[in-house]
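# Fold and geometry: a report
Listed here are the chains, written in short residue letters.
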Amino acid sequence: MQGGGLMQPPEPLVLATRNAHKTREIRDMLGAAFEVSDANDHPDFPEIEETGSTFLENARLKALGISRRTGGWVLSDDSGLEVDALGGAPGVWSSSYGGVEGDHARNNARLLREMVGRADRSARFRCTMVLARDGVETANFTGTVEGRLLEEPEGDGGFGYDPLFVPDGYDSSFASLPAEVKNRLSHRARALERVVDYLRRTAVSGKDCG
Ligand code: IMP
């Protein structure tokens, strides 16, 4: 979007994450109107415990926890896999489903065990993002991608549950599809599109958003 020609300094936007991959993705999508940093650039920021029982609660905890410590925009996200036959599990417990936080192999192994004999293999990834400013939530956004679970892992790309998840309209798992395809379809991309749209309309009207 082109602005009105007035050059203004970029708005600071802090991401409540230490995941450099997410930071790069979000920086690329937001363009030049925002000066994006993340929790790695602010060693004094607190570690926020994700004690919520929904993605929104966890994303709020992170955004507000950081926003109380810094000015400007703060953006957080929380995401995971919801499986219909398991009543929405693993949901907010996606990263520790197999018993060890962040152990994707164990998480996938448990998921396959839980799915044995189940005919309904429908599932979705969900990502909720919260924008905050001066310690107050400004807006929240959700993106989902629907799909189905395989009976065994397929592909080497991606991370987490990607080897077991085939998005609707495709025959291959997220781990075997090209990264550009996943990054276009993903729950995070869809939530982020909404954030970018909101920020462009409300935060930077009159600026060149790249
Ligand atoms: P977080 O939002 O980065 O904390 O993600 C929580 C957990 O959800 C991850 O550890 C993964 O198990 C799962 N997850 C979230 N996004 C994806 C994805 O794009 N692919 C595969 N697994 C994901």
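Structural notes, computed from the coordinates. (Residues numbered from 1 in each chain as written. Predicted model: local features only at pLDDT ≥ 70, side-chain atom pairs only at ≥ 80, totals over all residues. Heavy atoms only, no water.)

Bringing the environment of Phe174 into the picture now. Looking at the secondary structure, you find Phe174 in the loop between strand E6 (165-167) and helix H4 (179-185). It is 13 Å that separates the C-alpha atoms of Phe174 and Arg188, two residues lying 14 residues apart in sequence. (Helix = DSSP H or I, 4+ residues; strand = E, 2+ residues; numbered from the N terminus.)

Glancing now at the packing of helix H1 (residues 20-30) against helix H5 (residues 187-202). Across the interface, H1 lies against H5 with an axial gap of 10 Å and an inter-helix angle of 40 degrees. As summarised for this structure, H1 and H5 are arranged oblique, according to the angle between their axes. Relative to H5, H1 is oriented so that their crossing is right-handed. Within the contact between the two elements, H1 uses Lys22, Glu25, Ile26, Met29 and Leu30 and H5 uses Arg188, Ala189, Leu192, Glu193, Val196, Leu199 and Arg200. Here the residues of the contact of H1 with H5 sort into 7 nonpolar, no polar and 5 charged. (Axes fitted to C-alpha atoms, helices over the stretch in contact; angles between N-to-C directions. Parallel < 35°, antiparallel > 145°, perpendicular 65-115°, else oblique. Left-handed = near helix turned anticlockwise from the far one by under 90°. Contact = heavy atoms within 4.5 Å. Nonpolar A, V, L, I, M, F, W, Y, C, P; charged D, E, K, R; others polar.)

Here we come to unusual backbone geometry. Put simply, Ala89 and Pro90 share a cis peptide bond, and its omega is 0 degrees. In this structure, Pro90 sits in the loop between strand E3 (73-83) and helix H3 (104-115). Positive phi values are uncommon outside glycine, yet Asp134 reaches one of about 50 degrees. Position of Asp134 relative to the elements: it lies in the loop between strand E4 (122-133) and strand E5 (136-149).

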